[in-house]
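Structural overview for review
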Protein chains: 4
Amino acid sequence: MAVNSRPPHPVILGQNQYGKAENRVVKITRDGATHHIKDLNVSVALSGDMDEVHYSGSNANVLPTDTTKNTVYAFAKEHGIESAEQFGIHLARHFVTSQEPIKTARIRIEEYSWERIETSDANSKFIGADEVKHSFVRKGQETRVTQITYDGESWEVISGLKDLVVMNSTNSEFWGYVKDKYTTLPEAYDRILATQVSARWRFNWSDDEEKMPSWEKSYEQVRKHMLQAFAETYSLSLQQTLYQMGSRILNSRSEIDEVRFSLPNKHHFLVDLEPFGLKNENEVYFAADRPYGLIEATILRDGCEPKIPVDLTNL
Amino acid sequence: MAVNSRPPHPVILGQNQYGKAENRVVKITRDGATHHIKDLNVSVALSGDMDEVHYSGSNANVLPTDTTKNTVYAFAKEHGIESAEQFGIHLARHFVTSQEPIKTARIRIEEYSWERIETSDANSKFIGADEVKHSFVRKGQETRVTQITYDGESWEVISGLKDLVVMNSTNSEFWGYVKDKYTTLPEAYDRILATQVSARWRFNWSDDEEKMPSWEKSYEQVRKHMLQAFAETYSLSLQQTLYQMGSRILNSRSEIDEVRFSLPNKHHFLVDLEPFGLKNENEVYFAADRPYGLIEATILRDGCEPKIPVDLTNL
Amino acid sequence: MAVNSRPPHPVILGQNQYGKAENRVVKITRDGATHHIKDLNVSVALSGDMDEVHYSGSNANVLPTDTTKNTVYAFAKEHGIESAEQFGIHLARHFVTSQEPIKTARIRIEEYSWERIETSDANSKFIGADEVKHSFVRKGQETRVTQITYDGESWEVISGLKDLVVMNSTNSEFWGYVKDKYTTLPEAYDRILATQVSARWRFNWSDDEEKMPSWEKSYEQVRKHMLQAFAETYSLSLQQTLYQMGSRILNSRSEIDEVRFSLPNKHHFLVDLEPFGLKNENEVYFAADRPYGLIEATILRDGCEPKIPVDLTNL
Amino acid sequence: MAVNSRPPHPVILGQNQYGKAENRVVKITRDGATHHIKDLNVSVALSGDMDEVHYSGSNANVLPTDTTKNTVYAFAKEHGIESAEQFGIHLARHFVTSQEPIKTARIRIEEYSWERIETSDANSKFIGADEVKHSFVRKGQETRVTQITYDGESWEVISGLKDLVVMNSTNSEFWGYVKDKYTTLPEAYDRILATQVSARWRFNWSDDEEKMPSWEKSYEQVRKHMLQAFAETYSLSLQQTLYQMGSRILNSRSEIDEVRFSLPNKHHFLVDLEPFGLKNENEVYFAADRPYGLIEATILRDGCEPKIPVDLTNL
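Reading the values: rules and limits
Residues numbered from 1 in each chain as written. Chains lettered and ligands numbered in written order. Predicted model: local features only at pLDDT ≥ 70, side-chain atom pairs only at ≥ 80, totals over all residues. Heavy atoms only, no water. Helix = DSSP H or I, 4+ residues; strand = E, 2+ residues; numbered from the N terminus. Buried < 20%, exposed > 50% of the residue type's maximum accessible area, 1.4 Å probe, protein only. Contact = heavy atoms within 4.5 Å. Areas by Shrake-Rupley, 256 points an atom, 1.4 Å probe, with all protein chains shown as cover. Lys, Arg positive; Asp, Glu negative; His and termini not counted. Charge placed at Lys NZ, Arg CZ, Asp CG, Glu CD. Buried area = accessible area lost by both parts, 1.4 Å probe. Salt bridge = Lys/Arg side-chain N within 4 Å of Asp/Glu carboxyl O. Polar contact = N/O pair within 3.5 Å; in protein donor to acceptor, adjacent residues only side chain to side chain. Nonpolar A, V, L, I, M, F, W, Y, C, P; charged D, E, K, R; others polar. Pairing = 2+ DSSP bridges. Least-squares fit on C-alpha atoms with pLDDT ≥ 70 in both. Axes fitted to C-alpha atoms, helices over the stretch in contact; angles between N-to-C directions. Parallel < 35°, antiparallel > 145°, perpendicular 65-115°, else oblique. Left-handed = near helix turned anticlockwise from the far one by under 90°. Expected span 1.5 Å × (residues − 1). pLDDT = per-residue confidence, 0-100.

In this section: the overall build of chain A. The secondary structure content of chain A amounts to 6 helices and 13 strands. Taking all 315 residues of chain A together, 64% fall into the buried category. Expressed as a percentage of contacts within chain A between residues at least 6 apart in sequence, the contacts between residues at least 24 apart total 67%. Carbon together with sulfur atoms contributes 46% to the accessible area of chain A, which is approximately 11500 Å² in total. The averaged location of the 46 negative side-chain charges in chain A is 2 Å from the averaged location of its 36 positive side-chain charges.

Listed by partner, the interface residues are 96 residues for chain A and 96 residues for chain D. Carbon and sulfur atoms supply 53% of the area buried between chain A and chain D, which totals about 8400 Å² over both sides. Across the contact surface, chain A and chain D share 6 salt bridges. For the pair chain A and chain D, the interface holds 48 residue pairs in polar contact (both at pLDDT 80 or more). Listing elements by their share of the side of chain A that touches chain D, those giving two or more residues are strand 1 (11-21), strand 2 (23-31), helix 1 (51-55), helix 2 (65-78), strand 4 (102-112), strand 7 (143-150), helix 6 (238-252) and strand 13 (292-301) of chain A. The residue makeup of the side of chain A that touches chain D, split by class, is 39 nonpolar, 38 polar and 19 charged. Taken together, the 9 bridges between strand 1 of chain A and strand 13 (residues 292-301) of chain D define a ladder with antiparallel strand orientation. Looking at strand 13 of chain D, one finds that Ala-21 of chain A is bridged to Tyr-292 of chain D.

Turning to the relation of the copies chain A and chain D, a few remarks are in order. Overlaying chain A on chain D yields an RMSD of 0.0 Å, the required transformation being a rotation through 180 degrees with an accompanying axial translation of 0.0 Å. The superposition operator between the copies reduces to a two-fold rotation axis.

Glancing now at the relation of the copies chain D and chain C. Of the transformation placing chain D onto chain C, the axial shift is 0.0 Å and the rotation is 180 degrees, giving an RMSD of 0.0 Å. In this assembly, 100% of the residues forming the interface of chain D have copies in chain C that are likewise at the interface, indicating an isologous arrangement.

The packing of two helices is summarised by the inter-axis angle and the distance between the axes. Residues and elements named next belong to chain C. Viewed as axis vectors pointing N to C, helix 2 (residues 65-78) and helix 3 (residues 84-98) meet at an angle of 130 degrees, and their least axial separation amounts to 11 Å. It follows from the interaxial angle that helix 2 and helix 3 lie oblique. At the point where helix 2 passes helix 3, the crossing takes the right-handed sense. Taken together, the residues of helix 3 that come into contact with helix 2 (itself represented by Thr-68, Thr-71, Val-72, Phe-75 and Ala-76) are Phe-87, His-90, Leu-91, His-94 and Phe-95. In terms of residue class, the contact of helix 2 with helix 3 is built from 6 nonpolar, 4 polar and no charged.

This part covers helix 2 of chain A. Residue and element names in this part refer to chain A. Here helix 2 spans 20 Å end to end across 14 residues, near enough to the 20 Å set by a 1.5 Å rise per residue. With 11 of 14 residues buried, helix 2 is to be regarded as a mostly interior element. Within helix 2, the full set of buried residues consists of Thr-65, Asp-66, Thr-67, Thr-68, Asn-70, Thr-71, Val-72, Tyr-73, Ala-74, Phe-75 and Ala-76.

Moving on, we come to the environment of Thr-195 of chain A. Residue and element names in this part refer to chain A. Residue position: Thr-195 is located in strand 9 (residues 193-203). According to the relative accessible area criterion, Thr-195 is buried, its value standing at 0%. Between the C-alpha atom of Thr-195 and that of Gly-293, which follows or precedes it by 98 residues, the distance is 9.6 Å. Those residues within four positions of Thr-195 in sequence are excluded, and the remaining contacts are Leu-164, Val-165, Val-166, Phe-230, Leu-263, Pro-264 and Lys-266. A distance of 2.6 Å separates the side chain of Thr-195 from the backbone oxygen of Pro-264, its partner in a polar contact.

Listed per partner, the contact involves 61 residues of chain D and 61 residues of chain C. Between chain D and chain C, roughly 5200 Å² of surface is buried when both sides are summed, and carbon and sulfur atoms account for 57% of that area. Of all residues in chain D, Lys-77, Met-167 and Glu-232 of chain D give up the largest surface area on contact with chain C, accounting jointly for 12% of the area buried on that side. One can count 4 salt bridges joining chain D with chain C. The salt bridge partner of Glu-283 of chain C is Lys-77 of chain D, with a shortest N-O separation of 2.8 Å. Across the contact surface, chain D and chain C share 28 residue pairs in polar contact (both at pLDDT 80 or more). The pairing of strand 8 (residues 155-168) of chain C with strand 6 (residues 135-138) of chain D spans 3 bridges and is antiparallel. For Val-166 of chain C, the partnering residue across the bridge sits in strand 6 of chain D and is Val-137 of chain D.

This brings us to the confidence of the model for chain A. Looking at chain A, the pLDDT average stands at 94 and 92% of residues meet or exceed 70. For this predicted complex, the interface score ipTM comes out at 0.93, alongside a pTM of 0.95.

Quick look at the pairing of strand 8 (residues 155-168) of chain B now. Residue and element names in this part refer to chain B. Counting buried positions over the 14 residues of strand 8 gives 12, a clear majority of the element. Pairing geometry for strand 7 (residues 143-150) and strand 8, over 8 bridges, is antiparallel. From the neighbouring strand, Val-145 faces strand 8, where its bridge partner is Gly-160.

Inspection of the entire model under this criterion finds 91 salt bridges over all chains. A salt bridge links Asp-311 of chain D to Arg-106 of chain A; its shortest N-O distance comes to 2.9 Å. Of the two residues, Asp-311 of chain D is situated in the segment after strand 13 and Arg-106 of chain A in strand 4; the pairing between them involves two chains. Judged by relative accessible area, Arg-106 of chain A falls into the buried class, the value being 11%. Measuring nitrogen to oxygen at the nearest pair gives 3.2 Å for the salt bridge that ties Asp-311 of chain D to Arg-108 of chain A. Pair noted here: Asp-311 of chain D is in the segment after strand 13 and Arg-108 of chain A is in strand 4, and the two residues belong to different chains. A residue is classified by how much of its surface remains accessible, and Arg-108 of chain A, at 9% relative accessible area, is buried. Counted as one network, the salt bridges with shared partners bring together Lys-38, Glu-85, Glu-111, Arg-144 and Glu-216 of chain A.

In structure tokens form, the structure reads like this:
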């Protein structure tokens with residue numbers, strides 16, 4: 001066995017991080033016969049004094065990714081899962097404060113929602129209402145996400161959601177745009193506007209001394225304001241709708257300083273039915289897959305520095 | 001250009017079908033300012049006198065798949081989309097009765113559900129309640145499916161759903177099973193039971209002379225009974241739960257003669273926390289991806305012939 | 001705990017099967033410093049005397065799915081993995097012959113191919129050629145599949161592949177088709193023909209007394225003939241190409257009696273560049289996702305009964 | 001129709017970009033009977049003076065995403081597709097130089113490789129070798145990617161690949177790591193090391209005055225060196241292997257200044273066969289899906305500033 005040593009060439013190590021990704025943890029809390037569920041997908045990324053493991057393969061500073069996995073499951077028992085954000089804060093603090101070589105921890109969590117299955121009246125009498133307080137159906141719809149970063153001094157919490165598909169079947173126009181030699185698009189005065197919302201919002205909480213936001217309530221409210229802004233905006237462009245969604249959030253939720261959206265314009269093309277002697281009065285649409293417009297922007301509170309990465313999608 | 005002709009070898013053509021798959025049609029119906037939406041994915045498969053196109057490439061009997069696509073969109077205008085089943089019936093009848101070489105048509109449809117976005121009180125006053133009767137959020141959760149087959153004489157309608165994820169966090173046991181030399185599984189007296197329901201049910205309606213079921217109401221009721229049976233069954237095996245789900249449907253819905261389920265047992269393993277000095281009292285689970293148990297069965301009304309294909313999943 | 005018993009209503013159990021699906025087994029065989037790899041995804045489905053587990057939840061006849069998983073891994077050691085087909089035969093025989101209640105076993109296997117990474121000349125001198133006989137890159141391209149079914153008396157082996165994407169950039173036409181009131185498609189005299197091949201072929205081997213085919217060689221040859229038939233057919237319709245692919249296999253491989261194809265017509269539309277003053281001489285295409293034509297057919301040896309299921313794709 | 005105007009609250013617009021994503025363009029080049037194919041997925045993102053479209057919905061500065069799509073197809077004809085990088089450079093230059101409000105263009109391209117189908121000897125004599133120079137099979141394996149960014153003055157080209165799955169079946173160890181109270185992992189002295197390589201490398205070419213690299217040759221060479229470094233490194237940690245892969249590239253290819261890797265540790269767990277009386281001598285492995293270790297790092301030439309984004313994967 002030959003140990004590779006650092007090459008003589010002027011090649012150096014830049015930013016690096018490691019950890020166990022996609023730890024699927026389900027936590028059941030029993031309140032008598034009534035059960036509660038938290039269903040998370042937790043990814044740990046640690047960084048710090050890790051040069052040697054890259055140069056020589058020495059693992060002397062490396063807490064195994066297997067250990068970070070174990071910690072996720074142990075913490076679900078030790079601390080419970082009050083919210084994804086709170087759980088991530090417990091984990092990030094632990095890694096940074098318990099291992100000297102680890103300087104920064106970033107915890108990413110996806111959360112899947114469940115709702116209760118309603119019981120039949122007949123059976124609930126027969127078996128007792130309590131008997132079915134343990135049955136759930138996965139809610140589908142959006143996936144809630146959060147990312148907690150801690151460097152031993154201050155916190156950054158970016159929460160959000162993805163895969164929330166919304167549509168306005170009217171109150172959307174698109175006209176008055178630039179026309180160059182490659183432009184063939186006719187102007188539209190009544191179109192469908194549909195998108196699959198990917199959004200991230202950054203909390204201004206960063207200091208253990210400050211009171212934390214109520215993570216669960218904040219999520220519900222942000223989601224509600226975002227949906228309402230989408231529904232209530234008479235749209236001349238998806239960019240305008242995006243801006244309204246973001247400003248509605250910032251104007252309603254003081255705990256948030258910045259929002260980033262990645263909004264694919266899920267095109268619904270009016271089908272030409274004239275060859276068949278039919279008139280399509282904004283009734284029948286072809287829902288296209290690709291290509292799609294992709295509109296991305298950050299909305300932030302004046303005076304705040306933008307910190308959410310520009311690219312929510314992969315290179 | 002050389003035309004390939006039928007080879008001298010004794011090789012023959014068996015069952016064959018063709019058509020356009022996955023036509024994504026969205027139909028908006030305007031009831032004043034209130035819009036309604038039907039969002040379907042329609043696949044057409046036709047069969048009949050199609051030997052020659054296989055042997056020599058002659059398309060003389062072939063209605064192009066592009067035409068079957070056009071027909072889907074034209075019919076959305078001409079007939080509307082009352083339900084996926086009714087829409088499929090219109091299409092299947094058309095292809096079989098309008099083209100002599102086509103003997104059988106099979107229409108498969110996926111349907112995606114949408115619910116309305118609730119408006120903010122403040123804005124609904126300002127902009128008028130009607131203004132936001134056109135805003136929707138995709139429901140997520142299960143995909144509704146149907147398959148309509150017509151041979152010019154009788155109908156077969158198989159409806160169903162897929163990707164409905166359910167969980168009981170207790171009231172499930174598994175013990176008393178066969179043990180051979182490869183058996184290591186410990187018996188379980190309180191486990192999570194979770195599955196991603198794929199179900200298909202066959203209607204006994206087959207004749208144009210009979211009254212059709214109410215397709216929309218039937219779907220709602222079948223889904224409700226299936227979920228309730230899942231929730232209310234104290235389970236000693238996933239097979240038992242499956243049987244209860246199927247028999248509950250057949251006992252509640254006289255329009256249905258047969259149900260087929262494909263139920264992956266989505267394992268949630270209790271994490272061993274003892275190495276960390278913690279006791280896991282049915283609280284913390286690892287949700288595994290693969291492998292998974294796969295339980296499949298048909299439940300049918302006595303005296304009826306099973307017709308739903310055994311394999312809902314691919315080879 | 002109440003045990004559910006069989007309901008009074010005339011609802012009965014039909015076909016049923018169970019087992020562990022998607023067991024991912026990787027087998028390394030060391031031939032000195034040269035390693036060989038088999039990478040499989042094995043799914044077990046057992047059926048037999050299983051009424052009681054559905055009716056009452058009694059597991060007295062149930063070999064746990066966990067045990068079927070263990071058996072897969074143990075057999076990889078005990079029997080090795082000569083080929084996916086041979087491995088499935090070992091497994092199917094075991095389940096049917098070792099457990100009285102089990103009457104039929106169906107083993108489905110996906111196989112992923114790997115090829116060796118070539119070593120740099122400089123390093124192979126330095127470290128010795130043998131040192132790098134253990135490095136592989138996954139081949140990508142198609143997934144090989146097989147399904148072995150055994151009822152204690154006779155065997156059915158259906159092998160195949162999926163996700164093999166092929167394209168002819170010319171030598172394809174489409175014209176002379178039926179035109180009805182919904183037909184708008186212009187005829188094409190030089191088009192791209194592309195498809196993602198899903199194919200299954202059934203071996204005529206069924207009896208332990210007969211000599212088995214050489215599974216590995218058979219696969220290679222079938223794949224080669226299928227690709228060559230695709231490439232060498234001047235196509236007037238995808239159906240014609242399909243037939244040529246199937247008949248080429250049957251005419252070349254006597255061990256096979258039946259082939260089934262599911263061929264999506266992956267449309268490549270010639271882009272209209274005239275609005276930009278450009279002439280598109282079969283150069284620039286838009287590769288569409290959906291909808292797609294779907295052409296499916298069985299080709300079989302005259303006198304043989306078709307046994308491959310008609311639907312390779314899900315309802 | 002009410003136009004929403006900029007709200008009085010101190011909410012501002014941050015970074016924003018828009019364009020058409022995932023334009024699937026296939027370019028066939030005919031060299032006599034021999035055809036060549038380029039198969040790309042092109043995404044355009046433009047930014048510049050776009051405040052007004054967000055604030056008021058005015059599209060006066062907006063070149064429609066539909067036009068950016070048209071431009072992709074027109075350029076495939078006008079400029080051909082010599083390489084993904086060269087094609088992206090043509091596009092980026094066009095958008096920035098032809099539209100005053102557009103200040104920056106970022107073009108992302110995925111490329112899918114094809115190889116020729118070999119013809120049967122018999123047929124190639126019969127039909128002539130030229131007849132089958134137009135038949136291709138998609139190569140599978142990795143997807144090649146590139147990102148071109150242009151601000152009117154300088155260029156940034158980051159190329160790479162994703163989904164290249166590699167495995168060493170020996171010459172990998174993992175021991176000597178930190179052990180805390182949550183550590184249970186046993187040390188390993190001979191394990192499988194497998195990963196699905198996602199890599200991006202940045203070219204130091206940035207100025208139109210400088211000679212461009214040979215994009216096609218560079219890709220081939222980087223891929224080769226990366227694979228060889230993976231194969232030839234005796235690994236004490238995946239981090240060490242990553243560093244060797246990166247430094248090998250930088251030491252071999254002077255046109256590249258920086259490499260970023262995201263390497264999931266695709267765990268292959270040795271199956272415990274002792275309960276079945278079998279000894280598993282590094283032969284039988286379970287290939288796990290989730291969780292997985294995730295090792296990410298940048299390797300760069302000393303003195304260069306790192307510019308590849310740290311996160312190649314989504315939040």
